[in-house]
There are 2 protein chains.
Amino acid sequence: MTDLLMSEMFYHLESTFQNQIFDGRRRVIIERVSPEIDCGRYAAKRVSGESVRVGADIFGDGADTITAVLNYRRVEDSGWSAVAMEPAGNDRWEGSFIVGEPGRMEFCVEAWIDHFVTWKSGLRKKVDAGQDVSLELQIGALIVEKAASRASGRDARRLLELVSILNNADQEVAVEAAELGELLRLMHTYPDKSAATRYNKVLPVQVDPKIAGFSTWYELFPRSWAKRPGEHGSFNDCRRMLPLIGRMGFDVIYLPPVHPIGKTKRKGRNNSLVAAADDPGSCWAIGSPEGGHTALHPELGSIDDFRGFVSEAADHGISIALDIAFQCSPDHPWVKEHPKWFRWRPDGTVQFAENPPKRYEDILPIDFETEEWESLWTELKNVFLFWIDKGVKIFRVDNPHTKAFLFWDWAIDAIRREHPDTVFLAEAFTRPKVMARLAKGGYSQSYTYFTWRNTKHDLQEYLTELTTSELSEYMRPNFWPNTPDILHEELQHHGRPMFLIRMVLAATLSSNYGMYGPAYELCENEPVMEGKEEYLHSEKYEIKAWDMDRPGNIRAEITAVNHIRRANPALQQTNDVTFVRIDSGDGHEHDMLIGYVKKSADGTNVILTVVNLDPHRTQGGWLRFPLEQFGLSFDHRFQVEDLLAGRTYEWDGEWNFVSLNPASTPAHIFNVLLHS
Amino acid sequence: MTDLLMSEMFYHLESTFQNQIFDGRRRVIIERVSPEIDCGRYAAKRVSGESVRVGADIFGDGADTITAVLNYRRVEDSGWSAVAMEPAGNDRWEGSFIVGEPGRMEFCVEAWIDHFVTWKSGLRKKVDAGQDVSLELQIGALIVEKAASRASGRDARRLLELVSILNNADQEVAVEAAELGELLRLMHTYPDKSAATRYNKVLPVQVDPKIAGFSTWYELFPRSWAKRPGEHGSFNDCRRMLPLIGRMGFDVIYLPPVHPIGKTKRKGRNNSLVAAADDPGSCWAIGSPEGGHTALHPELGSIDDFRGFVSEAADHGISIALDIAFQCSPDHPWVKEHPKWFRWRPDGTVQFAENPPKRYEDILPIDFETEEWESLWTELKNVFLFWIDKGVKIFRVDNPHTKAFLFWDWAIDAIRREHPDTVFLAEAFTRPKVMARLAKGGYSQSYTYFTWRNTKHDLQEYLTELTTSELSEYMRPNFWPNTPDILHEELQHHGRPMFLIRMVLAATLSSNYGMYGPAYELCENEPVMEGKEEYLHSEKYEIKAWDMDRPGNIRAEITAVNHIRRANPALQQTNDVTFVRIDSGDGHEHDMLIGYVKKSADGTNVILTVVNLDPHRTQGGWLRFPLEQFGLSFDHRFQVEDLLAGRTYEWDGEWNFVSLNPASTPAHIFNVLLHS
């Protein structure tokens, strides 16, 4: 299997340095191709329908003219498509292509000295200087004659006719022929690529399904949705939630682990070390005699019930995302079946999870240094394949940064080869380079630091990093204002307005966002204790019964924002974002009002979002809309339609006043009608 | 030969991706190693005695402790040396090594999970929390026991003793043993590298001779130094210049081409198209029936004369640099011997150089697209080898950017394998990426845009780019205030002070600098016409007779500055430069006073240079010396010794007043005595 792994993981290296068949006549240099991640080791990511803009430094010795093309294909294709690259200044060239269905694509840049164009522009200069060009015309005729020999049929005949004109006609007529657009087109159809340079790497692009780029997640614990409060809920119980959640505009329901829960060292309510007899335990303590990662917790239902739930969700436009947490309760069948996958202590027990001096005795970590890593990797990969077979395409992976990176590289790549429409969300809240490495290694989406970016400065800085650094090529953020683990202090203390503020920010800054739904909708804000981010009576350790119609809930607002996202392509992408200037009136940047413009790839949909970060006071300020980015004058008149409030404003020029009262709606989401 | 070329050019790729023997137990990731230029395709450059500071992003999954080492060696060695890398924050690690004699070195980064240190720090936390650690001690004993099995002799015996203490002693005694420095050292002597990660590339370092990093060039045309004015000078005539130039502190004399000069289409004085009978021609029109690139112009002397000149120069501490210009006069023997190395026109003539509509009919360019490129490359390489055999180690290459890049990559690498002490200066004044590519391809030094960087802003910006971007790893600037081709407008109009200003800037900003000596010393400032940078009566086209004692010459000042450079290591490197703030008094940055601090690698030599860029008026301002960079308080008292004026000042704190009168000396070069 080792060989197999190698050939799978490094398959693109076959093509690396393929250029080594050495030809000293190659005079063109191609360098600094982008996107290229870690020398081509990792793929740039796109979703179906997006474009890949390729750049390269391309130059030759001397002053001859260069022609450059971008070659691209799906990896399974035998031939290549090609598109011309254009110079963009300072020896940089650019070209682009659109990606199609999910799968793997690759591209390569190729360039050569274009002797015909070099000759043609020299000819023109000599003619303009009044020089005799009879010899020049003969030189050109030879160049065209060679192209004729590469052509056939009508093209070849036409090229030979032109050769004859260059050689024999009156000088003025011959020069005219030399400059025919038809001749240039023919010459570019049959170029002399005998000394062409190909960039020394073929670079990969991962094409993901559209939902990897635009998704709206709702997390719920199915056991809390029994028809009768107090009972253990099931998949069948949860079916009644699907129309509600679908109507709210969510397209992913994410379920915490649905597997049998261990009894040994089970945690009780509020994370207590000793569980009461009727405590259901944490669903992340996976595995019991009833099964492990490919079994269902019996009270949730059967595999058929699960399939039915997934299928009915699809009818409401909702995909079910499973939580994959590779860790075991002491009761997990793997402990007996594969003892070498765990680290054993001298007393004959398995090493439990710890962060000294803290101990997590209900959880056994898997030992990725096991000598049996090959069987381990295969089994873990099979967990995904098992659930894919049951209709799941989206996986939220728990703490991937505590499992071996090479495993993820291999497993995600292997799964994706068979199932290119799968989506993997990395739940890693850890150091920046570790999170980036998981994204490079194949994760489609990543949890982020959004939850802890609360000030205007921090939000702008973080978005700028995500959207303008190399991260924008491979790391797709998924913004969550809360999770079952994280009730941020800002949500604890500032009531409903803060829930609205953070929801609008998440939903409009990132095209992928989600929430731990019932708690967020209902503005649950009580922590287990002051200074902690854990919820009081956390649903992780107990079955809850939520009253979804509780007064003060923000279901209507969430629904409105989600529908605005659906209707506006500008909000269905993350990287094209421009923060706007908002002045407080005394010439200083406003601290509390944040604003940003997003536009769709075709430029037709422009959304300006303005949020008041102050949950307590009305804030007003002067906003400068960047008309110059749209080729419009500073005094252009246009309309903005507030999609939340349903009101339209006439704006006269770039500076306009905005004011937001957090007690009603702390945000504008403007559809900018520049040519109204 | 094609195979040979391949194996030579890409030899370091053998080791690329050598890591593919795949082991899934490797949990450490190594990324973004620096210096790494274009994925390791090109070498970082150092001169003998400099250090290579290597950085890498290194991290593992989870929270285990990592150990990282930097391995390095000369490519001809079989074993590796290793040095520990240290964490530098944000998962970055650093380590360094010193390079020795000229040649090729390589390095690689290696890291692994350190189970012993991980265990030891967990043990400490558990002890501090009052937990029972008897089981922990047994676990540690097993780790140490494995190290013992990797060790032998006394170390193995000592490790086993410690195992016994961990297993059997009183808990307090055992914990003490676990934390012995001796144990840590032994464990690091016998590390468990069975799952170590090596970075996937071995990266090259080019070690050049010291003169590649610190050199002072004087260009002269030997034919102008006949003992009797009007005659054609010879190498023997030039011998009398050697003590003078040596005393001025120059260590390189660079000679324009010394080969036979063609007669066909020879250029006359002031670049006229028709030469008079006694015009000597441009020495760049190389080749006559008397020979080409491996022959000497007969009037300059014999090969023995040349050898004698080189040898006598060496006695004065001076190396002779030759100009290698790969182009031919129509009379060059290659035209007949290797007709396929040139491009022929339909009328049976060889294509001359042109930049339409301009024609340079005295020069035939070599066709690097020739099908006979292998014989061409070999012959061109042999030109260098021929002159190396005659004692030349330094080559200034004329317009390398109009010859194939791949040729330079190959030729310089091939020559350097045999002669690692050779130095190549690229005379390319062209676009930034082209100049960078030549440097990456092996050139030891590069001409720059210095000549056209005249304002404070432009100089600071240019130096910052050269010294802080990736260029600093491979492109060594060589600053020239003039050349026989370039008499900058600033030198034409501002008299002797401007010659002093530009000389001091070149000599103190760049450790490599040079001048077209006689013209510069004498402040020659007359252009061929207003608006042109060519000299009137250019020495390129005629034999000159210079009166080196002409009043107003700046020999004394040049000599002083060159001797200051020799005495101060801070000025013998380029990359460690910090521009200082100089205020005009009204709180604004001074436009005309520029200042910069350089320090030697060991920090003991600190030079502050201040230059008045205004050649006409005295300028004064407040200079802020960056005491904080030296760990000193803003109010520190210290001395600065002006090495040009021979005066010492007491400076009280960071802000001090400086004033420079361009009519006397437009610069201070301060030796900063921080602890005087």
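These numbers come from a predicted model, not from an experiment.

Residue and element names in this part refer to chain B. Spatial ordering of the open sheet is given by S22-S24-S25-S30-S27-S28, a layout of six strands whose pairing is antiparallel. The open sheet has two edge strands, strand S22 (577-579) and strand S28 (647-652), and neither has a second partner. Each strand of the sheet is rotated relative to its neighbour by a mean of 25°, with strand direction disregarded. Pairing analysis gives three bridges linking S22 to strand S24 (residues 593-599), with the strands arranged antiparallel. Paired with Thr578 across the bridge in S24 is Val597. Along the sheet face, helix H17 (residues 495-509) touches S22, S24, strand S25 (606-612) and strand S30 (667-673) and points at about 25° away from the line of S24.

Time to look at the sheet that holds strand S19 (residues 423-427) of chain A. Here seven strands make up an open sheet; going across it, the order is S20-S19-S18-S13-S12-S11-S21 (chain A) and the pairing parallel. In the strand order of this sheet, the two ends are held by strand S20 (445-446) and strand S21 (512-516) of chain A, each with one partner.

Residues and elements named next belong to chain A. Following Ser34, the chain continues into Pro35 via a peptide bond in cis, with omega recorded as 0°. Structurally, Pro35 can be placed in the loop between strand S1 (28-34) and strand S2 (44-47). With an omega dihedral of 0°, the bond running from Pro356 to Pro357 counts as a cis peptide bond. For Pro357, the location among the structural elements is in the loop between strand S15 (353-355) and strand S16 (358-360). Backbone geometry places Lys265, a non-glycine residue, at a positive phi of 55°. Structurally, the position occupied by Lys265 is in the loop between strand S12 (252-255) and helix H9 (303-315).

Let us look at the confidence of the model for chain A. Confidence in the prediction of chain A, expressed as mean pLDDT, is 95, and 97% of residues score 70 or more. The low-confidence segment residues 1-20 of chain A (pLDDT under 50) makes 51 contacts with residues lying over four places distant or belonging to another chain.

Let's shift gears to the relation of the copies chain A and chain B. Of the transformation superimposing chain A on chain B, the axial component is 0.0 Å and the angular component is 180°, with the fit at an RMSD of 0.0 Å. What we have between these two chains is a two-fold relation. For chain A, the residue whose C-alpha comes nearest the rotation axis is Cys39 of chain A, separated from it by 2.9 Å.

One pass over the full model with this rule turns up 91 aromatic pairs over all chains. Taken together through their ring pairs, the aromatic side chains of Phe22 of chain A together with Phe326, Phe368, Trp373, Trp377, Phe384, Phe395, Phe407, Trp408, Trp410, Phe424 and Tyr443 of chain B make up a single cluster. One residue, Lys390 of chain A, lies across the ring of Phe386 of chain A, its end atom 3.7 Å from the ring centre. Stacked on the ring of Tyr462 of chain B, the Lys or Arg Arg453 of chain B has its end atom at 5.2 Å from the ring centre.

Moving on: the UniProt feature "binding site: alpha-maltose 1-phosphate" (unreviewed entry) in chain A. All names here are of chain A. As recorded in UniProt, the sites labelled "binding site: alpha-maltose 1-phosphate" (unreviewed entry) are Lys267, Gln327, Asp362, Asn399, Lys540 and Tyr541. Secondary-structure assignment places Gln327 in strand S14 (residues 327-328). Residue class for Gln327 comes out buried when judged on its relative accessible area of 12%. In this view, Gln327 contacts Trp284, Ile286, His293, Ile363, Leu364, Ile366 and Asp398; residues no more than four positions away in its chain are not counted. Reaching out from Gln327, the side chain makes a polar contact with the backbone oxygen of Trp284 at a distance of 2.9 Å.

The next thing to look at is the UniProt feature "domain: Glycosyl hydrolase family 13 catalytic" (unreviewed entry) in chain A. When the UniProt feature table is mapped onto this chain, "domain: Glycosyl hydrolase family 13 catalytic" (unreviewed entry) is found at residues 219-550 of chain A. Between the end C-alpha atoms of residues 219-550 of chain A the distance is 19 Å, and the span holds 33% helix and 11% strand.

This part is about the interface of chain A and chain B. Each partner contributes residues to the interface: chain A has 69 residues there, and chain B has 69 residues. Taken together, both faces of the contact between chain A and chain B bury some 6000 Å²; the carbon and sulfur share is 62%. Between the two partners, chain A and chain B, sit 12 salt bridges. Our enumeration of links across chain A and chain B arrives at 20 residue pairs in polar contact (both at pLDDT 80 or more). It is helix H13 (residues 432-440) of chain A that contributes the most residues to the side of chain A that touches chain B, five residues altogether. Of the residues assigned to the side of chain A that touches chain B, the class counts are 27 nonpolar, 15 polar and 27 charged.

Residues and elements named next belong to chain B. Taking 1.5 Å per residue, 13 residues should reach 18 Å; helix H19 (residues 555-567) reaches 18 Å between its end C-alpha atoms and fits that length. All of the buried residues in H19 are Ile558, Thr559, Val561, Asn562, Ile564 and Arg565. For H19, the secondary structure elements touched by its buried residues are strand S11 (215-219), helix H8 (241-247), H17, strand S21 (512-516), helix H18 (517-521) and S30.

Take the state of the cysteines next. Tallied over the full model, the rule gives one disulfide over all chains. Between the sulfur atoms of Cys39 of chain A and its disulfide mate Cys39 of chain B the distance is 2.3 Å. Taking the sign of the S-S torsion, about -110° here, the bridge from Cys39 of chain A to Cys39 of chain B comes out left-handed. On the criterion of chain membership, the pair formed by Cys39 of chain A in the loop between S1 and S2 and Cys39 of chain B in the loop between strand S1 (28-34) and strand S2 (44-47) is interchain, its members lying in two chains. Residue Cys39 of chain A shares its accessibility class with Cys39 of chain B, and that shared class is buried.

Bringing the packing of helix H12 (residues 405-418) of chain B against helix H13 (residues 432-440) of chain B into the picture now. Residues and elements named next belong to chain B. The geometry of H12 relative to H13 is characterised by a closest axis approach of 9 Å and an angle of 25° between their N-to-C directions. When the interaxial angle is binned, H12 and H13 end up roughly parallel. Judged by residue contacts, Phe405, Leu406, Trp408 and Asp409 of H12 engage Val434, Arg437 and Leu438 from H13.

About the criteria used
- Residues numbered from 1 in each chain as written.
- Chains lettered and ligands numbered in written order.
- Predicted model: local features only at pLDDT ≥ 70, side-chain atom pairs only at ≥ 80, totals over all residues.
- Heavy atoms only, no water.
- Pairing = 2+ DSSP bridges.
- Helix = DSSP H or I, 4+ residues; strand = E, 2+ residues; numbered from the N terminus.
- Axes fitted to C-alpha atoms, helices over the stretch in contact; angles between N-to-C directions.
- Contact = heavy atoms within 4.5 Å.
- pLDDT = per-residue confidence, 0-100.
- Least-squares fit on C-alpha atoms with pLDDT ≥ 70 in both.
- Phe/Tyr/Trp six-rings, centres within 6.5 Å; stacked < 30°, edge-to-face > 60°.
- Lys NZ or Arg CZ within 6 Å of the ring centre and 35° of its normal.
- UniProt positions renumbered as here; feature names shortened; annotations may be inferred.
- Buried < 20%, exposed > 50% of the residue type's maximum accessible area, 1.4 Å probe, protein only.
- Polar contact = N/O pair within 3.5 Å; in protein donor to acceptor, adjacent residues only side chain to side chain.
- Buried area = accessible area lost by both parts, 1.4 Å probe.
- Salt bridge = Lys/Arg side-chain N within 4 Å of Asp/Glu carboxyl O.
- Nonpolar A, V, L, I, M, F, W, Y, C, P; charged D, E, K, R; others polar.
- Expected span 1.5 Å × (residues − 1).
- Disulfide = S-S within 2.5 Å.
- Parallel < 35°, antiparallel > 145°, perpendicular 65-115°, else oblique.

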